Amino acid sequence: MPEADAPTDSGGVGTGDGPHPGRAGRPGWAGLLRRAGRPTRSDVVSGMVTGLFSIPEGMAYASIAGFNPVAGLYAGVAPAIVGSLTARTVLMITTLTSAIALTSQSVLAAAGLDPADPANVATLTIMVGLVMLVLGALRLGAVMSFVSNAVMVGFSTGIALQIITGVLEDATGYDPQGHNRLYQLGDWLVHVTSWDLASTLVAAGTILVWAVARSVRRLVPVALLVAMVAVTVVVVAAGIDVRQVADIASIPSALPGLSLPDASAAPALVGGAVAVALVGLAQAASIAPSMPNPDGSRSDTNADFRSQGWANVAGGLFQSLPSGGSMSRTGVAAEAGARTRWAGVVSGVFLALVVLLLGGLAELIPMPVIGGLILVVGGELVWGKRREILLVLRTSPLSSLAMVVTFVATTQVPLQQAIVVGAVLSLLLYCVQAARQSRLVLLTRAPDGRWRASQELPARLRSGEVTVLDFSGTSFFAALPRIEGQFPDGGGAERAVLVLVLRTLPDIPSSAVMELLHRTARHLAAQGNRLVLVGVSPAMRRLLERTGTVAELGEDAVVDATPEVMGGLDEAVASAERWARAPRDDAGR
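Each chain has its residues counted from 1, following the order in which its sequence is written. Where local features are concerned, this predicted model is filtered to residues with pLDDT of at least 70; where side-chain atom pairs are given and counted, the filter is 80 or more; whole-chain, interface and lining totals use all residues. Calculation of side-chain values draws on the structure's entire complement of heavy atoms; hydrogens and water are dropped beforehand.

In the nomenclature of an unreviewed UniProt entry, the protein chain corresponds to STAS domain-containing protein from the organism Cellulosimicrobium cellulans F16. In its Subcellular location (unreviewed entry) section, UniProt records this for the protein chain: "Membrane". UniProt positions are given in the numbering used here, feature names are shortened, and annotations may be inferred rather than shown by experiment.

Set out below in structure tokens:
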């Protein structure tokens, strides 16, 4: 196939977002394919490698979550094709991930539904897709930026532990007991004498072959595949008696067939579908910064939300588990030379051909091989998080606590509950940090006329003088108690003016903020002093007028913001100084 001179991909299609809104307006699959450009040779090679990689990884992820491994295979077909064609992050591969698999299993178990029933899986997958489409349509991609990094590190590390404990039985033949993942890991280590020797040696051999293959630079992208094929051939040829894929599932030499959802199961899965969708979207949101588009086009989180939504709707109709942006599969594609979205399309098509023509061979794969490979994947996930873990620990005790609590929750409770814990922790962490960062700064005018900031706030106002305080931060509301405590006391002062600069105050309606301004203005007025607001935005002025704040302060005490930084402050201070110096009988409010 001829190689294109340069990648011609220009991002998502039909979204109306991003740098090419005019071209994005063309409807239909024909227009979509035209704008996808032509695949390069490296895209074809990358797609083939990624498709083959989906065999062990997709089957293993489905297996550790208690699903039919075939559903894990099929998650690399329709979702990968549809997701790659529609994603704004062009290299992102949409398929099954370990976190999505485990969350899906937890959701079905909590709803009392059988994960082996294809109708239940189809219902959950389609509902997850619909949730993603709604979130994308509502343009809620920005919400993902509020998920604390500390929470995500704790959640990802807990997921990695779940991956490891989920395949211990496949890797060693011993099923660890315990009410949580940490206890299961300890039970597995204590009962080392109960491990099946043949299974353990096969798993260990798989890890060894992977390590050797990974030491060869050209084999790094396919090291897992090399280990799977090589050890499978040895086990089958030597007749080693271990469990195989055929013992848990039969892989039909056929393309995925139509799978219809069960509408009666939908009410029990509403909350769970939201949880699975959030896990998938949170994982996918980290791909765009790590894998920028080779053609220089911009990614769009909301378009990627919708892309994954369509991928899940399509996947749910064709026997797939819920899917999302996969960092591991995207990394494999990029390392193997992917340049356009065609790499993901080729991966899905090639995987379908492998299943159609060589499905019987895939049944021969030993489960200890898959167990060994997933131990590698889980171990790499933990090892890859070491720097982030250390960074969180060095950042602050509060961030460290959030990370540890999320990790413990992920290992102790169902994943959909752990997600709620993480979301609440993220919100609390954001509020606390916003409150800590918000502060008042004293502004004083230097001899050259410039305003200079000082962290030392005066305790009291002085008679006949103007004190200028500038609000600095992101959340005036969150910092209200501390901010009010920093206001200088006007007791004992006469005709003093407190100027409050609000140029960075967000335009968020808050009765608490309005009440603070009213309370401060009344308190100062009762002492014969005055409050002046400077840098008021149009939206804030309308709010101040609706709440009667402008009437209480006086029209001249509310100074609008100007295009210049600190614009209007000099004029406001000059007016305040005239008021402060004026005789009491002449000064009106």
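Is there a simple way to explain the packing of helix α19 (residues 386-395) against helix α20 (residues 397-412) in this structure?
Helix packing geometry: the angle between the two helix axes and the distance between the axes. It is at 5 Å that the axes of α19 and α20 come closest, and there the two elements cross at 135°. By the criterion of interaxial angle, the relationship of α19 to α20 is oblique. Residues Ile389, Val392, Leu393 and Thr395 of α19 pack against Ser399, Ser400 and Met403 of α20. A fitted line through C-alpha atoms represents every axis, and for helices the fit uses only the stretch in contact; the resulting angles, taken between N-to-C directions, go from 0 to 180 degrees. Only DSSP runs of H or I reaching four residues or more are called helices, and only runs of E reaching two or more are called strands; each is numbered from the N terminus. Throughout, the term roughly parallel applies to angles under 35 degrees, roughly antiparallel to angles over 145, roughly perpendicular to angles from 65 to 115, and oblique to all others. Whether two residues are in contact is decided by their heavy atoms, any of which lying within 4.5 Å being enough.

I'm lost on the packing of aromatic side chains in this one. Help?
The way to describe two aromatic rings as a pair is by their centre distance and the angle between their planes. Between 30 and 60 degrees the pair is tilted, below 30 it is stacked and above 60 it is edge-to-face, where a pair is any two Phe, Tyr or Trp rings, Trp via its six-membered ring, whose centres lie within 6.5 Å. This structure, assessed with the given rule, holds one aromatic pair. A ring pair is formed by Trp188 and Trp195, whose centres lie 4.4 Å apart and whose planes are at 20°; its orientation type is stacked. Exposure categories follow from relative accessible area, calculated using a 1.4 Å probe and restricted to protein chains: below 20% of the type maximum is buried, above 50% is exposed, and the middle band is partly exposed. Judged by its relative accessible area of 12%, Trp188 falls in the buried class. The rule for a charge over a ring is simple: NZ of Lys or CZ of Arg within 6 Å of the ring centre, and within 35 degrees of the ring normal. One residue, Arg495, lies across the ring of Trp579, its end atom 4.2 Å from the ring centre.

Can you walk me through the pairing of strand β4 (residues 451-454) in this structure?
Regular strands show a simple pattern: their side chains alternate between the two faces of the sheet. DSSP calls a pair of strands paired once it identifies at least 2 bridges connecting them. Bridging between strand β3 (residues 439-445) and β4 involves four bridges; their strand directions are antiparallel. Paired with Thr444 across the two strands is Arg452, which belongs to β4. Where β3 folds back onto β4 in an antiparallel hairpin, the turn is made up of five residues, including Gly449, whose phi is positive at roughly 90°.

Looking at this model, I keep getting lost on the nonpolar core. Mind explaining?
One broad trend across soluble globular proteins is that nonpolar side chains are buried collectively. Membership of the largest hydrophobic core comes to 75 residues, with the highest contact counts inside it found for Ile55, Leu96, Ile251, Leu269 and Ile374. Per element, the largest residue contribution to this core is eight residues, and it comes from helix α3 (residues 41-64). As used in this record, nonpolar core signifies buried Ala, Val, Leu, Ile, Met, Phe, Trp, Tyr and Cys residues forming a set joined through side-chain atoms within 4.5 Å. In terms of nonpolar packing, the next biggest core, distinct from the first, is built from 42 residues, Phe471, Ala521, Leu524 and Val534 among them.

I keep staring at helix α17 (residues 342-362) and nothing clicks. Help me out?
Helical periodicity: at 3.6 residues per turn, an α-helix aligns residues three or four positions apart in one direction. The first and last C-alpha atoms of α17 sit only 25 Å apart over 21 residues, clearly below the 30 Å expected at 1.5 Å per residue. Of all the bends in α17, the greatest measures close to 60° and is centred on Leu356. By definition here, a helix of n residues has an expected span of 1.5 Å times n minus one. Throughout, bend refers to the angle between the axes fitted to the seven residues that end at a position and the seven residues that start at it.

When you look at the sheet that holds β3 in this model, what are you seeing that I'm missing?
Pairing between the strands of a sheet is mediated by backbone hydrogen bonds and can be parallel or antiparallel. Read from one edge of the open sheet, six strands run β4-β3-β5-β6-β7-β8, paired in mixed fashion. Only two strands of the sheet have a single neighbouring strand rather than two, namely β4 and β8 (558-560). For this sheet, the mean angle separating the axes of adjacent strands, direction not counted, is 30°. Examined bridge by bridge, strand β5 (residues 466-472) and strand β6 (residues 497-501) share five bridges and lie parallel to one another. Directly across from Val468, in β6, lies its bridge partner Val499. Together, β6 and β7 (530-536) form the strand contacts of helix α23 (residues 511-526), whose direction differs from that of β7 by roughly 145°. Most of the contacts of helix α26 (residues 569-581) go to β6, to which it runs at about 165°, and overall it touches β3, β4, β5, β6, β7 and β8.

Just to check I follow, could you spell out the environment of Thr95 for this structure?
Within the secondary structure layout, Thr95 lies in strand β1 (residues 93-95). Sequence-wise, Thr95 and Ser326 are 231 residues apart; in three dimensions their C-alpha atoms are separated by 6.2 Å. With residues up to four places along the chain from it excluded, the contact list for Thr95 reads Ala75, Gly76, Ser323, Gly324, Ser326 and Arg329. Side-chain polar atoms of Thr95 contact the backbone oxygen of Ala75, separated by 3.0 Å. Contacts described as polar in this section are N or O atom pairs within 3.5 Å, which, within protein, must combine one atom able to donate a hydrogen with one able to accept it, while residues neighboring in sequence count only if both atoms come from side chains.

Before we go on, may I ask you to explain the pairing of β3 in this structure?
Of the strand pairs in this sheet, β3 and β5 are connected by five bridges, and their pairing is antiparallel. Looking across to β5, one finds that Leu443 is bridged to Val468.

Before we go on, may I ask you to explain the pattern of salt bridges in this structure?
By definition here, a salt bridge exists when the distance from a side-chain nitrogen of Lys or Arg to a carboxyl oxygen of Asp or Glu is within 4 Å. Enumeration over the complete set of coordinates arrives at twelve salt bridges. As a salt-bridge pair, Asp170 and Arg243 come within 2.7 Å of each other at their nearest N and O atoms. On the criterion of sequence distance, the pair formed by Asp170 in helix α9 (residues 168-172) and Arg243 in the loop between α12 (223-238) and α13 (266-285) is long-range, its members being 73 residues apart. Overlapping salt bridges, with partners in common, bring together Glu515, Arg519, Arg522 and Glu552 in one network.

What is the right way to read the side chain of Thr103 from this model?
Within the secondary structure, Thr103 sits in helix α6 (residues 98-110). One polar contact links the side chain of Thr103 to the main-chain carbonyl oxygen of Ala99, over a distance of 2.6 Å.

Looking at this structure, I do not really get the environment of Ala526. What am I missing?
With respect to the helices, strands and loops of the structure, Ala526 is situated in helix α23. Sequence separation of Ala526 and Gly490 is 36 residues, and the distance between their C-alpha atoms is 9.6 Å.

How should α3 be read in this particular structure?
Taking 1.5 Å per residue as the helical rise, α3 with its 24 residues ought to reach 34 Å, and the 35 Å between its terminal C-alpha atoms agrees with that figure. When the local axis directions of α3 are compared, the greatest deviation, roughly 35°, occurs at Ser54, which is followed within four positions by the proline Pro56. Looking one or two residues past α3, Gly66 carries a phi angle of roughly 85°, positive in sign.

Would you mind going over the confidence of the model for the protein chain with me for this structure?
One number per residue, pLDDT, summarises how confident the predictor is, and it ranges from 0 to 100. The predicted model of the protein chain has a mean per-residue pLDDT of 82, with 86% of residues at 70 or higher. Low confidence marks residues 1-27, where pLDDT is under 50. Its contacts with residues over four positions away, or in another chain, come to 62 contacts.

I would appreciate a short explanation of a nonpolar patch on the surface in the present structure.
Together, Val236, Leu255, Val349, Leu353, Leu356, Leu357, Leu358, Leu361 and Leu364 make up an exposed nonpolar region whose accessible area comes to about 770 Å². By residue number, the principal contributor to the nonpolar patch is α17, which donates six residues. Mapped onto the elements, Leu361 comes out in helix α17. Patch building starts from residues that exceed 30% relative accessible area and form no salt bridge, then joins like charges within 9 Å and nonpolar side chains (Val, Leu, Ile, Met, Phe, Trp, Tyr) within 5 Å. What sets the accessible areas is the Shrake-Rupley method with a 1.4 Å probe; for residues, cover comes only from the shown protein chains.

Would you mind showing me how to read unusual backbone geometry here?
Residues apart from glycine generally show negative phi values, whereas peptide bonds are mostly found in trans. Here Gln319, not a glycine, exhibits a phi torsion of approximately 65°, which is positive. Tracing the chain through its elements places Gln319 in the loop between α15 (301-317) and β2 (324-326). Residue class for Gln319 comes out partly exposed when judged on its relative accessible area of 33%. A positive phi angle is found at Arg495, which is not glycine, with a value near 55°. With respect to the helices and strands, the residue Arg495 is situated in the loop between α22 (480-486) and β6. For Arg495, a relative accessible area of 9% gives the class buried.

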